[in-house]
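# Observations on chain architecture
Here is what each chain is made of, one letter per residue.
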Amino acid sequence: MTKENYKTYSSRSFSPYALERVGLRSLNVGIIGAGSFATFAAAAFLKIEGVKIVAITDLNEQTGKQFAAELQAKFYTAYQELLMDDKIALVYIATPPFLHYEISKNALLAGKHVICEKPAALKTSDAEELKILAGKLKLLYVVNLMQQYNPLYTAVKNIIAEKILGNFLHGFFENYASDENLSEGHWFWDEAKSGGIFIEHGVHFFDMFSGWLGKGEVISALQICRENSGTYIYDRAQATVLYQEGIVNFYHGFDQPKILDRQEIRLEFERGDISLYGWIPVKIRLHGLFKKWDLQVLDKIMQPLLIVEHNHADQPNKKVRARFRDIIFDSHATIEYGSDTGKQDRYQQVLTAMLCDQWTWIRNNEHIRIIDDNNAVESIRMAEHAREIAQKL
């Protein structure tokens, strides 16, 4: 980074997407699926002035009616009836994955903008069809890959782009997830309904790393199953993805009690590493070799920084060597930003930011969104490729 563009760079806001850009016009939303995440998302959406949830549908009539009553919205017994409601401009789909393609297609054909939970579909070809259809109809179609709206995601993206820690070398994502609330008969374990771990869950993280590192290619993958009452449940999956500058290992295991559920992302560079913690990260840790100017830039990106370790014995312009090159640095430091609290608030924040971004596009199609239909297609493409490789073993 040069001093000339430092002022512009450092003035960027990492707060939620600017709500004032959306304006005061109303956006009427219909929700298909009344599960726990739909209720959580609804609360995030309603933080935006002008958003109104006017209709709910769910196969479970009792749950759906209760949700509708809480929101003072109309309840429909079938999603097809909801799609016929002319008051609804945008449909939010929060059903199991095997229904995403069918409902998204019918919603688009009914003239509705669509935000669908991940994944877009169970097959890449279906996701591509939805993208093409939305383009022809000039309607919004996007999958809720909301990780890219996290301020920490943006901070990491800028650190990588400015090469503050040098070139990327290796990374990993480790997801030790809980299966405590996933009963033996839950649709999650049925690949015909969920697509399996790579497709149902992995799309989030394939999308994250592609946003940081560019397009990646899955070069190996495997799935491991546990025997359960004579049936086989695939509860662990791993993939290795090759990016232009390095490789990343992805691991997802759904086999932990809720109290031990945990996640970690690590990115290794020539001059240090970045670690992020949690499903929706709220804390970041950097360790590495920094020039004085690097620390000034980081302080603007992540303010305020907390330097938890600092080797004061280091002298300015100290020299070490790696990869056949000299590395000149002033500080060998460990830096932290954020805390372990506020995870639910951050989760709502990214959902609010996602809807604001998409609504801005609805009002002005020239607006460049953070995520769009390309993310929906490419994330499922990588996930489907990983599953295909794993199934051959």
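Residues numbered from 1 in each chain as written. Predicted model: local features only at pLDDT ≥ 70, side-chain atom pairs only at ≥ 80, totals over all residues. Heavy atoms only, no water.

## Digging into helix H6 (residues 124–137)
Here is the rule: A run of H or I in DSSP becomes a helix once it reaches four residues, and a run of E becomes a strand once it reaches two; helices and strands are each numbered from the N terminus. For a helix, the expected span equals 1.5 Å multiplied by the residue count minus one. Throughout this description, buried means an accessible area under 20% of the type-specific maximum (1.4 Å probe, protein chains only), exposed means over 50%, and partly exposed covers the range between. In what follows, residue pairs with any heavy atoms lying within 4.5 Å of each other are defined as contacts.
Compared with an ideal rise of 1.5 Å per residue, which puts 14 residues at 20 Å, H6 spans 20 Å between its outermost C-alpha atoms and is within 8% of the ideal. Those residues of H6 lying buried are Thr124, Asp126, Ala127, Leu130, Leu133 and Ala134. In this fold, the buried residues of H6 make contact with helix H5 (100–109), strand S6 (141–143) and helix H12 (373–391). Backbone geometry just downstream of H6 places Lys138 in the positive-phi region, at approximately 60°.

## Some words on the packing of aromatic side chains
The description of two aromatic rings rests on the distance between their centres and on the angle between their planes. Put simply, the rule reads: The aromatic pairing rule takes the rings of Phe, Tyr and Trp, using the six-membered ring of Trp, and pairs them if the centres are within 6.5 Å, calling planes under 30 degrees apart stacked, those over 60 edge-to-face and the rest tilted.
Counted according to the given criterion, the structure contains 15 aromatic pairs. When the centroid spacing of 6.1 Å and the interplanar angle of 35° are considered together, the rings of Phe37 and Phe40 count as tilted. A residue pair is termed a helical-turn pair when its members lie 3 or 4 positions apart in one helix, as Phe37 and Phe40 do in helix H2 (residues 36–45) at three residues. For Phe37, a relative accessible area of 23% puts it in the partly exposed group. Between Trp279 and Tyr347, the ring centres sit 6.4 Å apart and the planes meet at 80°, which makes this aromatic pair edge-to-face. Taken together, the positions of Trp279 in the loop between strand S12 (272–277) and strand S13 (283–290) and Tyr347 in helix H11 (residues 343–363) put the pair 68 residues apart, joining distant regions of the chain. Assessed through its relative accessible area of 12%, Tyr347 is described here as buried.

## What about the pairing of strand S11 (residues 262–269)?
Cut-off, in case you're wondering: If DSSP finds at least two bridges between two strands, the strands pair.
Here S11 shows a buried face lined by Gln263, Ile265, Leu267 and Phe269 and an unburied face lined by Arg262, Glu264, Arg266 and Glu268. Judged from the eight bridges that link them, strand S7 (residues 168–178) and S11 form a sheet pairing that is antiparallel. If you follow Gly171 over to S11, its bridge partner there is Leu267. In this structure, S11 lies alongside S12, joined through six bridges in antiparallel fashion. Note that in S12 the partner of Glu264 across the bridge is Tyr277. Once S11 ends, the chain turns through two residues before running back antiparallel as S12.

## Examining the packing of H2 against H11
Defined as follows: Angles here are taken between N-to-C directions and fall from 0 to 180 degrees, while the axes themselves are lines fitted to C-alpha atoms, restricted in helices to the stretch in contact. Roughly parallel means an angle under 35 degrees; roughly antiparallel means over 145; roughly perpendicular covers 65 to 115; every other angle is labelled oblique. For a crossing to be left-handed, the near helix must be turned anticlockwise from the far one by less than a right angle; the clockwise case is right-handed.
In the contact formed by H2 and H11, the axes pass within 8 Å of each other and the chain directions differ by 70°. Taken as axis vectors, H2 and H11 run roughly perpendicular relative to one another. Crossing of H2 against H11: the hand is right-handed. Seen from H2, the contacting residues are Phe37, Phe40, Ala41, Ala43, Ala44 and Phe45; seen from H11, they are Gln344, Tyr347, Gln348, Leu351, Thr352, Met354 and Leu355.

## Here's the deal with empty space enclosed by the protein
To locate leftover empty space, one rolls a probe as large as a water molecule over the atoms. Rule in force here: The method works on a 1 Å grid over the protein atoms by themselves. A cavity is a set of points holding a 1.4 Å probe that cannot get out, a pocket is an open set with protein on both sides within 12 Å along at least five of seven lines, and residues with an atom within 4 Å of a point line them. Grid points are joined across faces, edges and corners, and a volume is the space filled by probe spheres set on the points. Nonpolar residues are Ala, Val, Leu, Ile, Met, Phe, Trp, Tyr, Cys and Pro. Charged residues are Asp, Glu, Lys and Arg, and all others, Gly as well, are polar.
Tallied over the full model, the rule gives one cavity of 30 Å³ or more. Put simply, the largest cavity is a space of about 50 Å³. If you go around the largest cavity, the residues you meet are Phe188, Trp189, Glu191, Ser194, Gly196, Ile197 and Tyr234. In terms of residue class, the lining of the largest cavity is made up of four nonpolar, two polar and one charged.

## Section: the sheet that holds strand S1 (residues 27–32)
What the six strands build is an open sheet, ordered S3-S2-S1-S4-S5-S6; its pairing is parallel. Where the open sheet ends on each side, the last strands, each with one partner, are strand S3 (74–76) and S6. Here the average twist between neighbouring strands, direction ignored, is 25°.

## Structural notes on the environment of Gln349
Of note, Gln349 is situated in helix H11. The partly exposed category is assigned to Gln349, whose relative accessible area is 21%. Taking the C-alpha atoms as reference points, Gln349 and Lys47, 302 residues apart in sequence, are found 9.3 Å from one another.

## Focus on the confidence of the model for the protein
Atom-level detail of predicted coordinates should not be read off regions where pLDDT is low. We apply this condition: Confidence per residue, as judged by the predictor, is encoded in pLDDT with a range of 0 to 100.
Averaged over every residue, the pLDDT of the protein is 90; the share at 70 or more is 91%. Counting interchain partners and residues more than four positions distant, the pLDDT-below-50 stretch residues 1–24 has 45 contacts.

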